[in-house]
Amino acid sequence: MLIYVDGSWFKDQCKARWSFAVFKNNKPVHVESGGIYGRLLSNVDGELEAAKRAVEYALKRRAKLLVLCYDYAGIEEFALGRWKPRNETAMRYVETVRRARNAGLEIVFKKVDKRDRRNLLVDALARNDVRRAKQLFRLVSRA
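Report on the accompanying structure.

Parameters at a glance
Residues numbered from 1 in each chain as written. Predicted model: local features only at pLDDT ≥ 70, side-chain atom pairs only at ≥ 80, totals over all residues. Heavy atoms only, no water. Helix = DSSP H or I, 4+ residues; strand = E, 2+ residues; numbered from the N terminus. Rg over C-alpha atoms; globule rule 2.2 N^0.38 Å. Buried < 20%, exposed > 50% of the residue type's maximum accessible area, 1.4 Å probe, protein only. Lys, Arg positive; Asp, Glu negative; His and termini not counted. Charge placed at Lys NZ, Arg CZ, Asp CG, Glu CD. Patch = residues over 30% accessible without salt bridge, like charges linked within 9 Å, V, L, I, M, F, W, Y side chains within 5 Å. Areas by Shrake-Rupley, 256 points an atom, 1.4 Å probe, with all protein chains shown as cover. Salt bridge = Lys/Arg side-chain N within 4 Å of Asp/Glu carboxyl O. Contact = heavy atoms within 4.5 Å. Expected span 1.5 Å × (residues − 1). Core = buried A, V, L, I, M, F, W, Y, C linked by side-chain atoms within 4.5 Å.

### Topic: the overall build of the chain
Along the backbone of the chain there are five helices and five strands. Going from the N terminus to the C terminus, the chain shows its helices and strands as β-β-β-α-β-α-α-β-α-α. Taken over the C-alpha trace, the chain has a radius of gyration of 14 Å; the compact-globule value for 143 residues is 15 Å, and the two agree within 12%. Projecting the C-alpha coordinates of the chain onto the three principal axes gives extents of approximately 40 × 40 × 25 Å. By residue count, 46% of the 143 residues in the chain fall in the buried class. Computing the positive centroid from 31 side-chain charges and the negative centroid from 17, the chain places the two 4 Å apart.

Here it is, written out as structure tokens:
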């Protein structure tokens, strides 16, 4: 299973947005996005929430392999224990990855270029830029 994740931070609204897109044969087959709110959030919360939800999605579908594509290094660093989680979002993400691995899900982390069309799609979804997301969805669906 191939999933791209991204997040955005809106400091003035105390909101972090997240999104992920599942790809099969290079075409998007499922997308999800949403927001989390709180004064103590930061720019990493949306990124980690997206990754956590992507792992949960793969788990629910009993995937054996998840290729998790990201543009924020913390997605991999927290999961592999190289960075210590210091906030609730990071702790929940690390726990979800641990649970997924214990359930037999192999997770491969793949750093992607910010200009990758699929990454641009999840970025637009995370920023809630619906018009741009629709354009990119059409573009990646034709690839």
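And the narrative resumes.
### Notes on a positive patch on the surface
Taken together, the side chains of Arg117, Lys134, Arg138 and Arg142 define a basic patch exposed on the protein surface. Locating Arg138 in the fold gives a position in helix 5 (residues 130-142). Assessed through its relative accessible area of 48%, Arg138 is described here as partly exposed.

### Description of the side chain of Glu76
Looking at the secondary structure, you find Glu76 in helix 2 (residues 74-79). Filtering out sequence-adjacent residues up to four positions away, Glu76 remains in contact with Tyr70, Arg82 and Phe109.

### Details of helix 1 (residues 43-60)
Compared with an ideal rise of 1.5 Å per residue, which puts 18 residues at 26 Å, helix 1 spans 27 Å between its outermost C-alpha atoms and is within 8% of the ideal. Among the 18 residues in helix 1, 13 count as buried, and that is most of the element. Just beyond helix 1, the residue with positive phi is Arg62, at close to 55°.

### As for the pattern of salt bridges
For the structure on display, the rule yields twelve salt bridges. As a salt-bridge pair, Glu49 and Arg53 come within 2.8 Å of each other at their nearest N and O atoms. Of this pair, Glu49 and Arg53 both sit in helix 1, four residues apart, roughly one helical turn. As a salt-bridge pair, Arg115 and Asp113 come within 2.9 Å of each other at their nearest N and O atoms. Residue classification places Asp113 among the partly exposed residues on the basis of a relative accessible area of 39%.

### Points about the nonpolar core
Note on soluble globular proteins: their nonpolar side chains tend to be buried together. Core analysis: the biggest nonpolar cluster contains 28 residues, and Ile3, Val5, Leu68, Ile75, Tyr93 and Ile107 have the highest contact counts within it. In terms of residue count, the dominant contributor to this core is helix 1 (eight residues). In contact with Ile3, not counting residues within four places along its chain, are Phe20, Ala21, Val22, Ala54, Tyr57, Leu66, Val67, Leu68 and Cys69. Of all hydrophobic cores here, the second largest spans twelve residues; its members include Tyr4, Cys69, Val112 and Leu121.

These results come straight from atomic positions and should not be treated as a statement about function.
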